Amino acid sequence: MKIAITVDELILWAGTPMPPRYTASTVLDGMLRALGEHRVEGVYGFAHTSPVADRPGEREILERWCAAGHHLGNHTHHHACLNWVGARRYCDDVRQAEDVLGDLLEAAPTRYFRHAMDMTGPSEVRRGEVEDFLRAEGYTTAPITAWFGDFAWTAPYARAVHTGDRDAAAMLRTSFVEAAVARLHAHAETGRRLFGADLPLIWLVHGTALAQDVLGEILQRFVDEAVEFIPLDDAMRHPVHRVHSPATPLFRNHLERIALASGDEVAAPPPEAMAQVLMSGLPEGEDPMADYDAILRRIVDRVGGTWNWSWA
Ligand SMILES: [Zn+2]
């Protein structure tokens, strides 16, 4: 199995729960160490840039990523979903990210763009307007064809570390690694069913506290399962990453959208396993998705968009 590793949100969305003593800087250190140990070079990071506008000192995170031999693509400024705003507002957000990234974006060998949440909007018309703009600006859209819903661990892990619940923290680290492996296989199997051959996959991990702690373990598990790490440019040569998957307002990645339109799907994680993660350390009666809804609502408010979201 061949995969191109990509890292989104080197600085996480405003309001994302973090355990004490974890920062974007410590997460970066952990991820750079893990990538270095496995000799994975030239990884593309897709970081929305509003955190840097809010705290200019954090541009250092992005600079350090590039200084380590990795690259940056454009991932919009606010990370607003194309379901929430019109094409023009979305394209303005792409330009605003350019203002922040500047030379760091220009230094990348290929000018990549990744849609916020890898969602391409509710209609072909809106997506098309954005894609025309991106093409005119010299961007290539890099989709996601393998992911494991890693953000779902952020609040439970912050709770576990904060309260010193070592058993919960260990359970979350283990389930995070297992989910990364299982979901990679699930995407690969779907790709095989849909296309009758092994696809090179574009794999995503976010810059979370758990990535700091166990990205190295995940990469080692991948190596143990004969995964070969390839450059994003190589994965992008496969037509699966060049076609436009049918538009859907649902929260689905590129491969999942193709599967959806084909009457197939990427096997979901076992509901009881996800419930164990989401409910870990959660006070009685609280909504496990409340933290994540609040993050998205903050983004909608900042861009003046229309709230329209379902986790289903
Ligand atoms: Zn993102």
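Note that this is a predicted model, so its numbers are computed, not measured. (Residues numbered from 1 in each chain as written. Predicted model: local features only at pLDDT ≥ 70, side-chain atom pairs only at ≥ 80, totals over all residues.)

Brief notes about the overall build of the chain
Short version of the rule: Numbering of helices and strands runs from the N terminus, with a helix taken as a DSSP run of H or I at least four residues long and a strand as a DSSP run of E at least two residues long. For the radius of gyration, the atoms used are the C-alpha atoms, and the globule rule reads 2.2 Å times the number of residues raised to 0.38. The burial label depends on the number of other C-beta atoms within 10 Å of a residue's C-beta. Counts of 20 or more mean buried, 12 or fewer mean exposed, and intermediate counts mean partly exposed, with C-beta atoms placed from the backbone. C-beta atoms are placed from the backbone for every residue, and two residues are taken to be in contact when these atoms lie within 7 Å.
Broken down by element type, the chain carries 13 helices and seven strands. On C-alpha atoms alone, the chain measures out to a radius of gyration of 18 Å, which is about the 20 Å that the 2.2 N^0.38 rule sets for 312 residues. Expressed along its principal axes, the backbone C-alpha trace of the chain runs to roughly 50 × 45 × 40 Å. Looking at the chain as a whole, 44% of its 312 residues are labelled buried. Of the contacts formed within the chain by residues at least 6 apart in sequence, a portion of 82% connects residues at least 24 apart.

Re helix α6 (residues 124-136)
How we decide: What a helix should span is 1.5 Å times the count of its residues minus one.
The end-to-end C-alpha distance of α6, which contains 13 residues, comes to 18 Å, matching closely the 18 Å that a straight helix rising 1.5 Å per residue would cover. Phi turns positive, to about 85°, at G138, one or two residues after α6.

A look at the packing of helix α4 (residues 87-101) against α6
For the record, the criterion: Structural elements are reduced to axes, namely lines fitted to C-alpha atoms, with helices fitted over the stretch in contact, and the angle between N-to-C directions of any two is expressed from 0 to 180 degrees. By convention, the crossing between two helices is left-handed when the near helix turns anticlockwise from the far helix through less than a right angle, and right-handed when the turn is clockwise. Residues are grouped as follows: Ala, Val, Leu, Ile, Met, Phe, Trp, Tyr, Cys and Pro are nonpolar; Asp, Glu, Lys and Arg are charged; every other residue, Gly included, is polar.
At a minimum axis distance of 9 Å, the contact between α4 and α6 shows a crossing angle of 30°. Handedness of the crossing formed by α4 with α6: right-handed. Between α4, through A87, Y90 and C91, and α6, the contact on the second element is made entirely by R126, E129, V130 and F133. Of the residues in the contact of α4 with α6, the class split is five nonpolar, no polar and two charged.

Remarks on the environment of M279
Relative to the helices and strands, M279 resides in helix α12 (residues 271-279). Exposure remark for M279: the 11 C-beta atoms within 10 Å place this residue in the exposed category.

Considerations on the pairing of strand β6 (residues 201-206)
The buried fraction of β6 amounts to six of the six residues, a majority that puts the element mostly inside the structure. Both faces of β6 are covered, namely the face carrying L201, W203 and V205 and the face carrying I202, L204 and H206.

Overview of the packing of helix α8 (residues 166-195) against helix α9 (residues 209-224)
Selection criterion: Relative orientations are named as follows: roughly parallel for angles under 35 degrees, roughly antiparallel for angles over 145 degrees, roughly perpendicular for angles from 65 to 115 degrees, and oblique for any other angle.
The contact between α8 and α9 brings their axes to 10 Å, and the two run at 45°. One way to sum up the angle between α8 and α9 is to call them oblique. Judged by the twist between their axes, the crossing of α8 over α9 is right-handed. Within the contact between the two elements, α8 uses R173, F176, V177, A180 and V181 and α9 uses L210, D213, V214, E217, I218 and R221. Across the contact of α8 with α9, the residue classes tally to seven nonpolar, no polar and four charged.

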